[in-house]
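# Structural overview
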Amino acid sequence: MSWYSSLFLPNNYAQVLNTFPIVLSGAVPTHPSPRLAATTRRIPRAAKLRSGRSTTTSYGYMKRHTFKFGENSRRLDVSDYDLGEGVVPTVVYNDLAQFTHGTASTATAGYPVTQKERIALGNLDLYAMDTFKAGQRWTLMAGLRATWNTNPVNQHGLFARPAGSFLDMGHSIEQPLNQAIQTNVRSLFPGTPLFSWQPRASAAYKLSDKMALHAGGGVFNDIIPAQIADLGATNAPYAPVFVGGINGQVGGVGIAPGVTNSAVDATAAANRSFQTAFSAGTATPYAVNLNTFPAAS
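Computed from a predicted model, the values in this text were never measured in an experiment. (Residues numbered from 1 in each chain as written. Predicted model: local features only at pLDDT ≥ 70, side-chain atom pairs only at ≥ 80, totals over all residues. Heavy atoms only, no water.)

## Quick notes on the overall build of the protein chain
Worth spelling out the cut-off: Runs of E in the DSSP output that reach at least two residues are strands. Runs of H or I that reach at least four are helices, and both are numbered from the N terminus. Throughout this description, buried means an accessible area under 20% of the type-specific maximum (1.4 Å probe, protein chains only), exposed means over 50%, and partly exposed covers the range between. Two residues form a contact once any of their heavy atoms are found within 4.5 Å.
Regarding its fold elements, the protein chain presents five helices and 14 strands. Across the 297 residues in the protein chain, those meeting the buried criterion constitute 38%. Taking the intrachain contacts of the protein chain between residues at least 6 apart in sequence as the baseline, contacts between residues at least 24 apart amount to 71%.

## Quick notes on the pattern of salt bridges
What counts is decided by this rule: Take a side-chain nitrogen of Lys or Arg and a carboxyl oxygen of Asp or Glu: if they are within 4 Å of each other, that pair is a salt bridge.
All chains considered together, the criterion is met by three salt bridges. Among the ionic pairs, D209 bridges to K206, the shortest N-O distance being 3.5 Å.

## A word on a nonpolar patch on the surface
We apply this condition: Exposure above 30% relative accessible area and the absence of a salt bridge qualify a residue for a patch, where like charges join within 9 Å and nonpolar side chains (Val, Leu, Ile, Met, Phe, Trp, Tyr) within 5 Å. Surface accessibility follows the Shrake-Rupley procedure with a 1.4 Å probe radius. Residue values consider only the protein chains on display as shielding.
Residues L124, L126, L144, W148, L194, F195 and W197 make up a contiguous nonpolar surface patch of roughly 700 Å² in combined accessible area. You can see L124 is positioned in strand β7 (residues 117-133). By relative accessible area, which is 31% here, L124 ends up partly exposed.

## Details of the nonpolar core
As a reminder, the rule being used: Joining through side-chain atoms within 4.5 Å is the link that ties buried Ala, Val, Leu, Ile, Met, Phe, Trp, Tyr and Cys residues into a set, and such a set is a nonpolar core.
The biggest cluster of nonpolar side chains holds 14 residues, and the ones touching the most others in it are I119, L121 and F159. Listed by contribution, the elements that provide at least two residues to this core are β4 (65-80), β7 and α4 (229-233). In this structure, A160, A236, F242 and F278 belong to the second largest nonpolar core, which totals 10 residues.

## A look at the pairing of strand β8 (residues 138-149)
Just so we agree on the cut-off: Two strands pair if DSSP finds at least two bridges between them.
For β7 and β8, the ladder comprises 11 bridges, and the chain directions are antiparallel. By the bridge assignment, A128 is partnered in β8 with L144. Hairpin connection of β7 to β8: four residues between the antiparallel strands. Here β8 runs beside strand β12 (residues 196-206); their pairing, made up of 10 bridges, is antiparallel. Each bridged residue has a counterpart across the sheet, and for L140 the counterpart in β12 is A203.

## Things to note about the confidence of the model for the protein chain
To keep things clear, this is the line we draw: Residue-level confidence of the predictor is what pLDDT reports, using numbers from 0 through 100.
Considering every residue of the protein chain, the mean pLDDT works out to 81; 82% of them sit at 70 or more. Throughout residues 30-47 the model reports pLDDT below 50, and contacts reaching past four residues in sequence, or to other chains, amount to 62 contacts.

## Considering the environment of P21
Along the polypeptide, P21 turns up in the loop between α1 (13-19) and β2 (23-26). Here P21 is in contact with V88, P89 and P257, once residues within four sequence places are set aside.

## Some remarks on the packing of aromatic side chains
Note the threshold: Each Phe, Tyr or Trp ring (for Trp, its six-membered ring) is paired with any other whose centre lies within 6.5 Å, and the angle between the two planes then decides the class: stacked below 30 degrees, edge-to-face above 60, tilted in between.
This structure, assessed with the given rule, holds seven aromatic pairs. Geometrically, the ring pair formed by W138 and Y205 is tilted, given 4.8 Å between the ring centres and 55° between the ring planes. With W138 in strand β8 and Y205 in strand β12, this pair connects stretches of sequence that are 67 residues apart. Residue class for W138 comes out partly exposed when judged on its relative accessible area of 45%. Measuring from centroid to centroid gives 5.8 Å for F195 and W197, while their planes differ by 45°, and the two rings are tilted. Exposure remark for F195: the relative accessible area of 35% places this residue in the partly exposed category. Among the aromatic residues, those joined into a cluster by ring pairs are Y111, F242, F274 and F278.

Laid out in structure tokens, this is it:
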């Protein structure tokens, strides 16, 4: 059993946000480019991981055959903090005039419903192998492993994915998004194979007491990477991202939050409007990027 934790946070996160409520970024050839609180854009971001593994192997011998049977199992519990990345708005200005007048070219902010989600996954391997002494010089080996990889599970039920095939969606702005998007999903993929079969075989030839030739091949499988779960967790409506500013989609002009016609405040207003429309099942005037999930292979 092992446990790992790595949280990238300042000593007083609330105080940092109070002092630097945005990340200000720009590139002006004739003016120094301030980049304030750049690290706040990527915090809090980390993962807590608890994992376990068990292995059982048994052997049986029979004349020139050596049979080997066993099982491996792994269980991974991950606390995913990646949803916190982007909650501090990133405001970009493109020229000196925008910087001088406090105008945002773009203001990008994410609004996850939670900054921490629990993801669980694991696998179970069952295998059998035979080493056959075909002669004084020849040794043949053949094995078969059957692996069951679990479908990654969101313990909070906060995965979202298209309701059906993306190609079969209506793609109409009049279609309510809560009809096109399936929410409250616990499993990342619509389906995963029951078993992944992994045959392997090899042969060895003894040239001398100190030299042998050994060649073979096989199919190998690994557990589904836990970071893929980020794709389902960041789908709308659970972690939408909005872009304000004069070159954004939701309006606003001012760089700072709380000022008149703030681009940052415009992203917050867009999120409130989006969540209200999504919950009510009415058509929403937003383009939504979705990660799609075919059955895992």
